[in-house]
Amino acid sequence: MFILHLEDSRADQRLVQQCLRQAGMHCHLECVENLQDFTRRLHAQSFDVVVADYYLPGFTAMQAWEVLQQLKQPPPFVLLSGAIGEAAAVEAMRQGVSDYLLKDDMARLPHVLQRALEVAEARRLRQEATQALERSQRQLAELTEHLQQSIEQE
């Protein structure tokens, strides 16, 4: 699993790595500290999930969320913050952020990431099924029209 970690604290970066390693999650964690590097890495490589601190120097994770939404297939986005505040967390979830977790509860991070990936996969499969159904409906409509024209010609 490839994780892009948006975090300005080296200590917190190490804590996340340690937490995931202790949980037995085999992953590659790439850390970035600013919005410019975040944007550059998102366009250079595909990531399975993004983990972001909420408050960062000069911007918030919601600005990173906006950058992420410009991708064709954005990965799940999980907020991991020390003090996000209930109103900010609710607003982030309302805008489509996958989940949030307080740093005090970091032991739950592997579970939260796994759940975010499962939900994202279910959404992707549902979207594919919807597109396949729409294609089938178009084909059926075309076939019906063709049959109707054949009947009328006979």
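Everything in this summary refers to the structure shown in the same document. All values derive from a computational prediction rather than experimental measurement.

1. Thoughts on the state of the cysteines
Okay, step 1: Counted under the stated rule, the structure contains 0 disulfides.
Okay, step 2: The cysteine Cys 27 is free of any disulfide, with Cys 19 supplying the nearest cysteine sulfur at 9.7 Å.
Okay, step 3: In this structure Cys 31 is a free cysteine whose sulfur lies 10 Å from that of Cys 27, the closest cysteine sulfur available.

2. Section: helix 1 (residues 10–22)
Okay, step 1: For helix 1, with 13 residues, the first-to-last C-alpha span of 18 Å sits near the 18 Å given by 1.5 Å per residue.
Okay, step 2: All of the buried residues in helix 1 are Asp 12, Gln 13, Val 16, Cys 19 and Leu 20. Within helix 1, the buried residues cover an arc of 130° as seen down the axis, which keeps them to one side. Seen from the open side of helix 1, the exposed residues pointing more than 90 degrees away from its buried face are Arg 10, Arg 14, Arg 21 and Gln 22.
Okay, step 3: Immediately downstream of helix 1, the backbone of Gly 24 shows phi near 80°, a positive value.

3. A word on the packing of helix 2 (residues 35–44) against helix 3 (residues 61–68)
Okay, step 1: Axis separation between helix 2 and helix 3 bottoms out at 10 Å; the angle between their running directions is 25°. Judged by the angle between their axes, helix 2 and helix 3 are roughly parallel. Viewed along their axes, helix 2 and helix 3 form a crossing whose handedness is right-handed. Where helix 2 abuts helix 3, its residues Leu 35, Phe 38, Thr 39 and Leu 42 lie against Gln 63, Ala 64, Val 67 and Leu 68.
Okay, step 2: The residue makeup of the contact of helix 2 with helix 3, split by class, is 6 nonpolar, 2 polar and no charged.

4. Some details on the nonpolar core
Okay, step 1: Formed by 24 residues in total, the largest nonpolar core has its most connected members in Leu 6, Phe 38, Leu 42, Phe 77 and Leu 79.
Okay, step 2: Every element with two or more residues in this core is listed here: strand 1 (2–6), helix 2, strand 3 (49–52), helix 3, strand 6 (77–81) and helix 4 (86–94).
Okay, step 3: The dominant element in this core, judged by the number of residues it contributes, is helix 3, at 6 residues.
Okay, step 4: In this structure Leu 42 touches Leu 4, Phe 47, Val 50, Val 67, Leu 68 and Leu 71, once residues within four positions along its chain are discounted.
Okay, step 5: Within the second largest apolar cluster, 16 residues are counted, among which are Leu 29, Val 51, Leu 109 and Ala 116.

5. Side note on the side chain of Asp 53
Okay, step 1: Checked against the element boundaries, Asp 53 lands in the loop between strand 3 and strand 4 (55–56).
Okay, step 2: A distance of 3.4 Å separates the side chain of Asp 53 from the side chain of Ser 81, its partner in a polar contact.
Okay, step 3: Separated by 3.4 Å, the side chains of Asp 53 and Lys 103 make a polar contact.

Rules used in this analysis
Residues numbered from 1 in each chain as written. Predicted model: local features only at pLDDT ≥ 70, side-chain atom pairs only at ≥ 80, totals over all residues. Heavy atoms only, no water. Disulfide = S-S within 2.5 Å. Helix = DSSP H or I, 4+ residues; strand = E, 2+ residues; numbered from the N terminus. Expected span 1.5 Å × (residues − 1). Buried < 20%, exposed > 50% of the residue type's maximum accessible area, 1.4 Å probe, protein only. Arc of directions from axis to C-beta. Axes fitted to C-alpha atoms, helices over the stretch in contact; angles between N-to-C directions. Parallel < 35°, antiparallel > 145°, perpendicular 65-115°, else oblique. Left-handed = near helix turned anticlockwise from the far one by under 90°. Contact = heavy atoms within 4.5 Å. Nonpolar A, V, L, I, M, F, W, Y, C, P; charged D, E, K, R; others polar. Core = buried A, V, L, I, M, F, W, Y, C linked by side-chain atoms within 4.5 Å. Polar contact = N/O pair within 3.5 Å; in protein donor to acceptor, adjacent residues only side chain to side chain.

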